[in-house]
Amino acid sequence: MAEQMGGTRRVAGPRRPGPATGDDGVPRWLRTSAGVTWRMLVLLAGVALVFFATSQVQLLFVAVFIAFVFTAVLRPVVDFYSRVMPRPLATALGLLSGFLVLAGMVFYVGYSVANQWQALSRQFGDGIDQIVDFLENGPLPVSITNEQIAEWIDNGREWIQQHAGDLASQAAASAGSVVEVFTALALSVFCAIFFLARGAEMWTWFVNQMPAGARESWKTAGGAGWYTFSGYTRGTVIIAVTDGILAFVLLSLIGVPLAAPLAVLVLIGAFIPLIGAPAAMVVAMIVALAANGPVQAAVVGIGIALIGQFEGHVLQPLVMGKQVSLHPVVVALAVTGGTLTAGILGAVIAVPLVSVAWAIYSRFHQTDPPMTTEEAAPVVDPADEPADEGDASPA
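Residues numbered from 1 in each chain as written. Predicted model: local features only at pLDDT ≥ 70, side-chain atom pairs only at ≥ 80, totals over all residues. Heavy atoms only, no water.

1. Considerations on the overall build of the chain
And step 1. Within the chain one finds ten helices and three strands.
And step 2. Carbon and sulfur atoms form 69% of the exposed surface of the chain, whose accessible area is close to 26000 Å². (Helix = DSSP H or I, 4+ residues; strand = E, 2+ residues; numbered from the N terminus. Areas by Shrake-Rupley, 256 points an atom, 1.4 Å probe, with all protein chains shown as cover.)

Here it is, written out as structure tokens:
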């Protein structure tokens, strides 16, 4: 009879015989482990080859990824327009609508910055004086004089003069990066036009190139992957816009300057899981601290943290649903791995790629009936446990 002690099932019975061996004397467990090992090595080699090939054409990969994002976001709009007009015209109108929304957002942010710049400069100077006064006369006084601040400014100016050449070379390198960014955007828009206008025909052509026996599997994998990717992309856009609107309302009510640009920063941060929201919160708190003081900065931090809780517990389940069902630990590991591999870009694309891979795997994988926690407890054979000292018999 089996009994439970400390969550571990103990099974009484005779000791099991040793592992069976093959004709060559190799234990069965070693043979099985070796087979699994070399298959895993081949799989890892294939994954490494894919990553290496992607790194060689990173610009192309990024452009296609952005094109898929544009397609996922604009496809409902294009489908709506195509009900009353030809598909090519609906595609052009859908892209124009998306461009107008984006351009309007950028224009509003630029107008807000230009309109509040003088007031912000004055408030920022007053806020710096308040911070210095708080450090000197607060509960933990720190001795900071105006001479020290002037010395820090002079040191910073001197450092800039000494490293002017390095800064110029970095600026030139950044100019090259800007060219690459515009190239990727142009290529992504070009691809998105065809994906939106002729996406179904392009997918049909691709499936027809596969052997007849493999077409059904490709159709299933493509449907599961696109359903998950489009759901994740559209859901992320909806959540990001909602976060930006809530942040704008919060910052406007508190009276933080540049509420619109900071809200846009919160919106952008929503596209970077785990990292973007805290970074946007820190920037907003710094602006509030410099302009309105530590109390307003604390209120901003608490408010944006509450927006993050609302996103995680209400918006994510409501908008995403079951389209993206990844455990938070998996999301954290994916974001960390993507960041280590490709920086911020890797952090952005890691979660949707893992979501698509898991959706395709779940569609093909047939799971057995699940076990309960009690049934999944490890089994310990009493014969494998050392005997208690009190039960030991003399030799």
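2. What about a nonpolar patch on the surface?
And step 1. Together, V57, L60, L187, V189, F190, I193, F194 and M202 make up an exposed nonpolar region whose accessible area comes to about 650 Å².
And step 2. Tallying contributions element by element places helix α5 (residues 164-208) first for the nonpolar patch, with six residues.
And step 3. As for its placement among the helices and strands, M202 is situated in helix α5.
And step 4. By relative accessible area, which is 36% here, M202 ends up partly exposed. (Patch = residues over 30% accessible without salt bridge, like charges linked within 9 Å, V, L, I, M, F, W, Y side chains within 5 Å. Salt bridge = Lys/Arg side-chain N within 4 Å of Asp/Glu carboxyl O. Buried < 20%, exposed > 50% of the residue type's maximum accessible area, 1.4 Å probe, protein only.)

3. Some words on the pattern of salt bridges
And step 1. Under the criterion given, the structure shown has three salt bridges.
And step 2. Residue R75 is joined to D79 by a salt bridge in which the shortest nitrogen-to-oxygen separation is 3.8 Å. One end of the pair is R75 and the other is D79, both in helix α2 (residues 58-81) and four residues apart, which spans about a single turn.
And step 3. Residue classification places D79 among the partly exposed residues on the basis of a relative accessible area of 30%.
And step 4. D79 serves as the salt-bridge partner of R87, at 2.6 Å between the closest nitrogen and oxygen.
And step 5. Via salt bridges that share partners, R75, D79 and R87 belong to a single interconnected network.

4. Describing the nonpolar core
Buried together is how nonpolar side chains tend to be arranged in soluble globular proteins.
And step 1. Counting 17 residues, the largest nonpolar core has L251, V256, L262 and V300 as the members making the most contacts within it.
And step 2. Those elements giving two or more residues to this core turn out to be α6 (215-254), α7 (259-269), α8 (276-292) and α9 (294-320).
And step 3. Setting aside residues up to four positions removed in sequence, V300 forms contacts with L250, L251, I254, V256, A284, M285 and A288.
And step 4. Among the nonpolar cores identified, the runner-up in size contains seven residues, and Y232, I272, A347 and V351 belong to it. (Core = buried A, V, L, I, M, F, W, Y, C linked by side-chain atoms within 4.5 Å. Contact = heavy atoms within 4.5 Å.)

5. Points about the packing of α2 against helix α10 (residues 328-364)
And step 1. Remark: α2 packs on α10, axes separated minimally by 12 Å, with the N-to-C direction vectors making an angle of 55°. Viewed along their axes, α2 and α10 adopt a mutual orientation that is oblique. As for the relative orientation of α2 and α10, their crossing is left-handed in sense. Contacts between α2 and α10 pair Q58, F61, V62 and F65 from the former with L345, I349, P352 and L353 from the latter.
And step 2. Classifying every residue of the contact of α2 with α10 by side-chain character gives seven nonpolar, one polar and no charged. (Axes fitted to C-alpha atoms, helices over the stretch in contact; angles between N-to-C directions. Parallel < 35°, antiparallel > 145°, perpendicular 65-115°, else oblique. Left-handed = near helix turned anticlockwise from the far one by under 90°. Nonpolar A, V, L, I, M, F, W, Y, C, P; charged D, E, K, R; others polar.)

6. Observations regarding the packing of aromatic side chains
And step 1. Tallied over the entire structure, the rule returns ten aromatic pairs.
And step 2. Centroid distance F206 to W218: 5.4 Å. Interplanar angle 80°. Geometry classified as edge-to-face. In this pair, F206 is assigned in helix α5 and W218 in helix α6, connecting sequence segments twelve residues apart.
And step 3. On the basis of relative accessible area, W218 is assigned to the partly exposed category, the value being 37%.
And step 4. One aromatic cluster is present, built from ring pairs that chain together F65, F68, F195, W226 and F229. (Phe/Tyr/Trp six-rings, centres within 6.5 Å; stacked < 30°, edge-to-face > 60°.)

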